[in-house]
Amino acid sequence: MEDEWLVGHFERHRPHLRAVAYRMLGSLTEADDAVQDTWMRLSRSGADDVENLGGWLTTIVARVCLNMLRSRNHRREEPLAVHMPDPVVSLEGELQPEEQALLADSVGLALLVILDTLTPDERLALVLHDMFELPFKQIAQVLGRTPAAAKQLASRARHRVKGAEIPSDPDLARQREVVDAFFAAARQGDFDALVAVLHPDVVSRADFGGGARREVRGAEAVAAQAQMYSHLGLVVHPALINGAVGAVSMRDGRPFSVGAITVRDGKIVEMDFLADPERLARLDLTVLDQ
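Residues numbered from 1 in each chain as written. Predicted model: local features only at pLDDT ≥ 70, side-chain atom pairs only at ≥ 80, totals over all residues. Heavy atoms only, no water.

As a further point, take the nonpolar core. Ranked by size, the top nonpolar core spans 62 residues in total, and within it Met24, Leu115, Leu124, Ile139, Leu143, Ile241 and Val248 carry the most contacts. Judged by nonpolar contacts, the second largest core, of 23 residues, contains Ala186, Val197, Ala206 and Val263. (Core = buried A, V, L, I, M, F, W, Y, C linked by side-chain atoms within 4.5 Å. Buried < 20%, exposed > 50% of the residue type's maximum accessible area, 1.4 Å probe, protein only.)

For helix H2 (residues 28-45), spanning 18 residues, the distance from its first C-alpha to its last is 26 Å, which sits close to the expected 26 Å at 1.5 Å a residue. Those residues of H2 lying buried are Leu28, Ala31, Ala34, Val35, Thr38, Trp39 and Leu42. Seen from one end, H2 has its buried residues packed into an arc of 140 degrees, which puts them on one side. N-cap assignment for H2: the residue whose side-chain oxygen lies 3.1 Å from the backbone N of glutamate 30 is serine 27. Backbone geometry just after H2 places glycine 46 at a positive phi near 75 degrees. (Helix = DSSP H or I, 4+ residues; strand = E, 2+ residues; numbered from the N terminus. Expected span 1.5 Å × (residues − 1). Arc of directions from axis to C-beta. Polar contact = N/O pair within 3.5 Å; in protein donor to acceptor, adjacent residues only side chain to side chain.)

Here strand E7 (residues 267-274) lies mainly inside the structure; seven of its eight residues are buried. Direction of pairing for strand E2 (residues 198-209) relative to E7: parallel, over a ladder of six bridges. Bridge assignment links valine 203 to a residue of E7, and that residue is glutamate 270. Strand direction decides the pairing type here: strand E6 (residues 254-264) and E7, joined by seven bridges, are antiparallel. Along E7, the bridge assignment pairs valine 263 with isoleucine 268. From the end of E6 to the start of E7, which pair antiparallel, there are two residues, and aspartate 265 there has a positive phi angle of about 55 degrees. (Pairing = 2+ DSSP bridges.)

Within the element layout of this structure, arginine 279 appears in helix H12 (residues 277-282). For arginine 279, a relative accessible area of 11% gives the class buried. For arginine 279, the residues in contact, after removing those within four places along its chain, are His83, Met84, Pro85, Asp86, Asp207 and Leu274. (Contact = heavy atoms within 4.5 Å.)

For the rest of this paragraph, the subject is the packing of aromatic side chains. In this structure the tally under the stated criterion is three aromatic pairs. Each ring, one from phenylalanine 182 and one from phenylalanine 183, has its centre 5.3 Å from the other, and the planes form 80 degrees; the classification is edge-to-face. For the residue pair phenylalanine 182 and phenylalanine 183, the accessibility class agrees, reading buried in each case. Residues tyrosine 229 and phenylalanine 256 carry aromatic rings whose centres are separated by 6.0 Å and whose planes lie at 70 degrees to one another, so their mutual orientation is edge-to-face. With tyrosine 229 in helix H11 (residues 219-229) and phenylalanine 256 in strand E6, this residue pair connects regions lying 27 residues apart in the sequence. (Phe/Tyr/Trp six-rings, centres within 6.5 Å; stacked < 30°, edge-to-face > 60°.)

See the structure below:
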């Protein structure tokens, strides 16, 4: 009976823990691993002496994620290189309950890209305080620092995020018009039409896997890149990527890329593409069959 009680309470907290882990890691697979690790720790130790199970579990999953981030940063040879987080793909207007929990507070793909540039300690402090409202006293315990130091980490991270984050137009229908115009121009190889929907300072990032990454800046350079893809015979499916307008491109029946696109004032200002075949194969794209 005690095991059933423990399982039941953990399952009620699972969506929250997965949301914390996804924001911390930007990887759906690693987020699930972190949640599973948290369950293993709970099942070994029990909850007899735990007054606030939800808070305790949040602390544990955060500590697991922090260790994973530190290990990842130690392994990564190019810490400043573009690393595309795992996208959450859904049909427009049809976010599932688990996706809504995962993406609450507008955790777009572009924001996750920015979070990936923070140090592990900065990321944890910002995510736990600003997104989940944990007090700095509790965050300090996870980090092994003082509350004042944890607050300073969050402040520094917040400044970096706000300096890099690009707000998008709130109207999804208007965003979709602009994105559709971009892909129509790309299919036709129409350079002028492409430039017309791109902000002069647009940035396009792509992660091809295996360390192959590309970042292109400027409307003409991005338009020229899009023209090259017009010859590949891609089939573009409109989709929501982390709750924002984007697309899934298929080639010969297989996923070619998943792209999140940020639109502001009727112009595309940022494009983030995952084109890593191995990671694309792990994504749940069954929504496209509906």
